[in-house]
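This is what each chain is made of:
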Amino acid sequence: RGALDLPHGSVVAAACSRVGQRVLHVDRRSYYAANWASFTFNALLTWIQEHQAESLSEEVQDRSSLVEEGEELIYLSGSDSASISNLQVFCYISEEAEEEEEPPNTTEEEEAAQEQGEEPEADQPQPSAPPSQSEPTRKKISYTQLEKEGRRFNIDLVSKLMYSRGSLVDLLIKSNVSRYAEFKNVTRILTYRHGSVEQVPCSRADVFASRQLSVVEKRKLMRFLTSCVEETEEHQAYNGRPFLEFLREQQLGDNLQHFLLHSIAMVTEDTLTEVGLTSTRHFLRCLGRYGNTPFLFPVYGLGEIPQCFCRMSAVFGGIYCLRHSVSCLIVDKDSNRCKAVIDSRGQRISCSHFVVEDGFVGADRRVTTPTRLLSRAVLITDASVLPGDSEQQVSLVTVPPTDGRPAVNMVELSPSTMTCIPGTYLVHLTCQSVGSAYEDLSPVVTRMFCTAECQDQENRPAVLWCLYFNMADGSGVEPEGHDLPSNVYVCSGPDGALGHEHAIKQAESIFLKILPEEEFCPPAPNPEDIIYDGENTSPTSTGEEEGLTAAGGEGEEKQQEQQEEETSLQPEE
């Protein structure tokens, strides 16, 4: 029996359940996935209040009475509040909605006259039409409306995308977990340059359709991208030298160097050539599998992914307990193995392996302490940073480093992703921390958005509400950097990379340590292929026992049942 309490450990739980292991997955929170979770707007406000409240140290209860001879206790940490810090919230909209939107051309004199009950002259602009009529002006959104429609938001704590040929997509396809979720293509890649947002041509179609590049630049870019597909001796000659130097010697102009460095390879100027080329090849390999960009995004937010794996674990017998935690481990002194755990209610639960979130490990058991942080910002805006023909764009925006500040990845989500309400966009910003999240990201927000009364308000999207916070960088946590029993495995939190390679690699590594002879996440059978023990498979079987349909019978009912299960994969009401 395995006891688990961790974010992307849902992958480990699913993998273990799938091969017949008994899995108990407990979480002290009221929601799944810890720092990988998604929240409605109202739930996010509650999460903010909980983290802003002064954390009280929980009294450690004495569990020595549950320890037998030859055993010892290891107490776990009661709080992981240190993983989130420097929360700051700003609201730039009024509390209540205006009854009627004022016409844009009304002067102060006309407003005063209307307030006094005077009729406007015939040649003056007429007041805006009643709300029942369609009007081109954009409706103002109030804070009350955000709260009222808060359940329609799905706001991720961590901002990532899925590479179409990355390890997460491969795992979702291999394990059949992909059927539990839906995905949207990231429709465009943008970059911030010279004070404006530009679209990056990354596919062949984009390159030849681009109006930003000359004919010569288009040929150079296509020739360079083609040459990058396979490693050559010419590439190897630049190993150990900066990638920017390599790009310059390829006779590429400033435009192409910017696109390749910051938006395709997504590296810095001092990145080594071999690293930059590897990133470029990965980008190119992912193009065209599902769309013109390499990326996918889950409908309803990234928090759907852990829940999909939790569902797979539950289907194969995994047990889940929310608002329940493990307070300490019971370790056999002779073998230095964890043989049981004690939960928050004082119950002793036997286990053969234990996977734990890094935040549960006490300071006395840490050999290395993570020092790296991520800076995060979440914005609700009223328009896209680059308006286009479609209002349903899903965009990745790269903001190069400037003035000693790190590069920023920005993901802009439209209502088509089911993460925000119509008339708004949800924008995520992430970078490596230099200072607080506000210090790192507010300059970018100020340059690209309107956060207060400003001269060019119509040219930039307005921020309605925003949240800044710092999050511990999971890539700084070493799995072996803890003084723990040999059958206790530590999972880190989210890392700062755009993809999920770190998390999936870590999950697979833990699984193979637990079950080295088993396959990692083998495919789950399709519902129509499952034959249940003791089931009568004759045509007369109704399949009513335990609400299951017999294999090979009532196929339409099974398909309908599967569709109902899939549509239930939505945020809990």
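Small disclaimer: the values here were computed from a predicted structure and weren't measured. (Residues numbered from 1 in each chain as written. Predicted model: local features only at pLDDT ≥ 70, side-chain atom pairs only at ≥ 80, totals over all residues. Heavy atoms only, no water.)

### Details of the overall build of the chain
Which entries qualify depends on this criterion: Numbering of helices and strands runs from the N terminus; a helix is a DSSP stretch of H or I covering at least four residues, while a strand is a stretch of E covering at least two. The cut-offs for exposure are 20% and 50% of the maximum accessible area for each residue type, with area from a 1.4 Å probe on protein chains only; residues under the lower value are buried, those over the upper are exposed, and the others partly exposed. Here a residue-residue contact requires only that any non-hydrogen atoms of the pair lie within 4.5 Å.
Along its length, the chain carries 15 helices and 22 strands. For the chain, the proportion of its 573 residues judged to be buried stands at 49%. In the chain, the proportion of contacts linking residues at least 24 apart, taken out of those at least 6 apart, comes to 72%.

### Observations concerning the pattern of salt bridges
How we decide: The term salt bridge refers to a side-chain nitrogen of Lys or Arg lying within 4 Å of a carboxyl oxygen of Asp or Glu.
As enumerated under the stated definition, the model contains 11 salt bridges in all. With a shortest N-O distance of 3.0 Å, Glu 71 and Lys 339 are connected by a salt bridge. Residue Glu 71 is found in strand E4 (residues 71-75), and its partner Lys 339 is found in strand E14 (residues 337-343); the two are separated by 268 residues along the sequence. Several salt bridges converge on common partners, so that one network encompasses Asp 27, Arg 29 and Glu 357.

### Some thoughts on the sheet that holds strand E7 (residues 162-163)
Quick reminder of the rule: Only strands that DSSP links by at least two bridges are regarded as paired with each other.
Pairing within the open sheet is antiparallel, and its three strands lie in the order E7-E11-E8. Either end of the sheet is taken by a strand with one partner, and the two such strands are E7 and strand E8 (183-185). Both E8 and strand E11 (residues 295-298) contribute to a ladder of three bridges, which runs antiparallel. Residue pairing in the sheet places Asn 185 in a bridge with Leu 296 of E11.

### What to know about the packing of helix H5 (residues 167-175) against helix H12 (residues 304-315)
Which entries qualify depends on this criterion: Axis definition: a line fit to C-alpha positions, over the contact stretch in the case of helices; interaxial angles, taken between N-to-C directions, run 0 to 180 degrees. Each angle receives one of four descriptions, namely roughly parallel if under 35 degrees, roughly antiparallel if over 145, roughly perpendicular if within 65 to 115, and oblique otherwise. In this scheme, a crossing is called left-handed if the near helix is turned counterclockwise away from the far one by less than a right angle; it is called right-handed if the turn is clockwise. Ten residue types, Ala, Val, Leu, Ile, Met, Phe, Trp, Tyr, Cys and Pro, are classed as nonpolar, four, Asp, Glu, Lys and Arg, as charged, and the remainder, Gly among them, as polar.
It is the contact of H5 with H12, at a shortest axis distance of 12 Å, that shows an interaxial angle of 30 degrees. As the angle between them shows, H5 and H12 are arranged roughly parallel. In this structure, the crossing between H5 and H12 has a hand that is left-handed. Touching Leu 168, Leu 171, Leu 172 and Ser 175 of H5 are Ile 305, Phe 309 and Met 312, all from H12. Of the residues belonging to the contact of H5 with H12, the class tally is six nonpolar, one polar and no charged.

### Here's the deal with the sheet that holds strand E15 (residues 348-350)
Spatially, four strands are ordered E4-E13-E14-E15 in an open sheet, and the strand pairing comes out antiparallel. Across the chains shown, the open sheet's two edge strands, defined by having one partner strand only, are E4 and E15. Neighbour to neighbour, the strand axes of the sheet diverge by 30 degrees on average, direction disregarded. In terms of strand pairing, E4 meets strand E13 (residues 326-332) through five bridges, oriented antiparallel. Within E13, the residue paired with Leu 73 across the bridge is Ile 330.

### Side note on the nonpolar core
As a reminder of what qualifies: Nonpolar cores are built from buried Ala, Val, Leu, Ile, Met, Phe, Trp, Tyr and Cys residues. Side-chain atoms within 4.5 Å join them into one set.
With 69 residues, the main nonpolar core has Phe 41, Leu 44, Trp 47, Leu 146, Phe 295, Trp 465 and Phe 469 as its most contacted residues. If near-sequence neighbours (up to four positions away) are discounted, Leu 146 is found in contact with Phe 41, Ile 93, Ile 141, Phe 153, Ile 380, Ile 421 and Trp 465. Ranked by size, the runner-up nonpolar core spans 34 residues in total, among them Leu 296, Val 355, Ala 507 and Ile 510.

### Quick word on the packing of aromatic side chains
What counts is decided by this rule: Under the pairing criterion, centres of Phe, Tyr and Trp rings, with the six-membered ring standing for Trp, must be within 6.5 Å; the plane angle then separates stacked pairs below 30 degrees from edge-to-face pairs above 60, leaving the rest tilted.
For the structure on display, the rule yields 17 aromatic pairs. Between Phe 41 and Phe 153 the ring centres are 5.9 Å apart and the planes differ by 45 degrees, which places this aromatic pair in the tilted class. Taken together, the residues Phe 41 in helix H2 (residues 41-52) and Phe 153 in the loop between helix H4 (143-148) and strand E6 (155-156) connect sequence positions 112 residues apart. Classification of Phe 41 as buried rests on a relative accessible area of 0%. Centroid distance Trp 47 to Phe 469: 5.7 Å. Interplanar angle 70 degrees. Geometry classified as edge-to-face. Here Phe 469 lies in strand E21 (residues 463-472) and Trp 47 lies in helix H2, a separation of 422 residues in the sequence. There is no split in this pair, since Trp 47 and Phe 469 are both buried.

### A word on the packing of helix H7 (residues 215-228) against helix H10 (residues 254-264)
Between H7 and H10, whose axes approach to 10 Å, the crossing angle comes to 35 degrees. Relative to H10, H7 is oriented so that their crossing is right-handed. Of the residues in H10, those touching H7 at Glu 217, Lys 220, Leu 221, Phe 224 and Leu 225 are Asn 255, Leu 256 and Leu 260. Class assignment for the residues of the contact of H7 with H10 results in five nonpolar, one polar and two charged.

### Quick word on the pairing of strand E17 (residues 373-381)
Extensive coverage of E17 is indicated by the burial of eight of its nine residues. Two elements, E17 and strand E20 (residues 425-432), share eight bridges in a ladder whose sense is antiparallel. By the bridge assignment, Arg 376 is partnered in E20 with Thr 430.

### So, helix H1 (residues 9-18)
Burial analysis of H1 places nine of its 10 residues in the buried class, which makes it a mostly covered element. Taken together, the buried positions of H1 are Gly 9, Ser 10, Val 11, Val 12, Ala 13, Ala 14, Ala 15, Cys 16 and Ser 17. Downstream of H1 by a residue or two, Gly 20 has a phi angle that is positive, lying close to 95 degrees.

### Points about H12
In plain terms, the rule: Residue count minus one, scaled by 1.5 Å, sets the expected span of a helix.
Under the 1.5 Å per step criterion, the end-to-end length of H12 is 16 Å for 12 residues, consistent within 8% with the ideal 16 Å. The element H12 is extensively covered by neighbouring structure, given that nine of its 12 residues are classed as buried. Listing the buried residues of H12 in full gives Glu 304, Ile 305, Pro 306, Cys 308, Phe 309, Cys 310, Arg 311, Met 312 and Ser 313. Positive backbone phi, approximately 100 degrees, marks Gly 317, located one or two places after H12.

### Brief notes about unusual backbone geometry
Comment: phi is negative for the bulk of residues other than glycine, and the bulk of peptide bonds are trans. Phi is positive for His 194, close to 55 degrees, though the residue is something other than glycine. Considering the arrangement of structural elements, one finds His 194 in the loop between strand E9 (188-193) and strand E10 (196-199). Not every positive phi belongs to a glycine, and Arg 323 is a case in point at roughly 55 degrees. Relative to the assigned elements, Arg 323 resides in the loop between strand E12 (319-322) and E13.

### Focus on the pairing of strand E22 (residues 488-491)
Of the two faces of E22, the one lined by Val 488 and Val 490 and the one lined by Tyr 489 and Cys 491 are each fully buried. Two strands pair when backbone bridges link them, and strand E16 (residues 353-357) and E22 are joined in this way by four bridges, in the parallel orientation. When the bridges of E22 are listed, Val 356 appears paired with Val 490.

### As for the confidence of the model for the chain
Basically, it comes down to this: Think of pLDDT as the predictor's per-residue confidence, scored from 0 to 100.
Confidence along the chain averages 81 in pLDDT terms, with 79% of residues attaining 70 or more. Note that pLDDT drops below 50 for residues 99-104; the model gives that stretch 11 contacts with residues more than four away or on any other chain. Of the regions scoring below 50 in pLDDT, residues 106-136 engages in 18 contacts with residues more than four places distant in sequence or in other chains.

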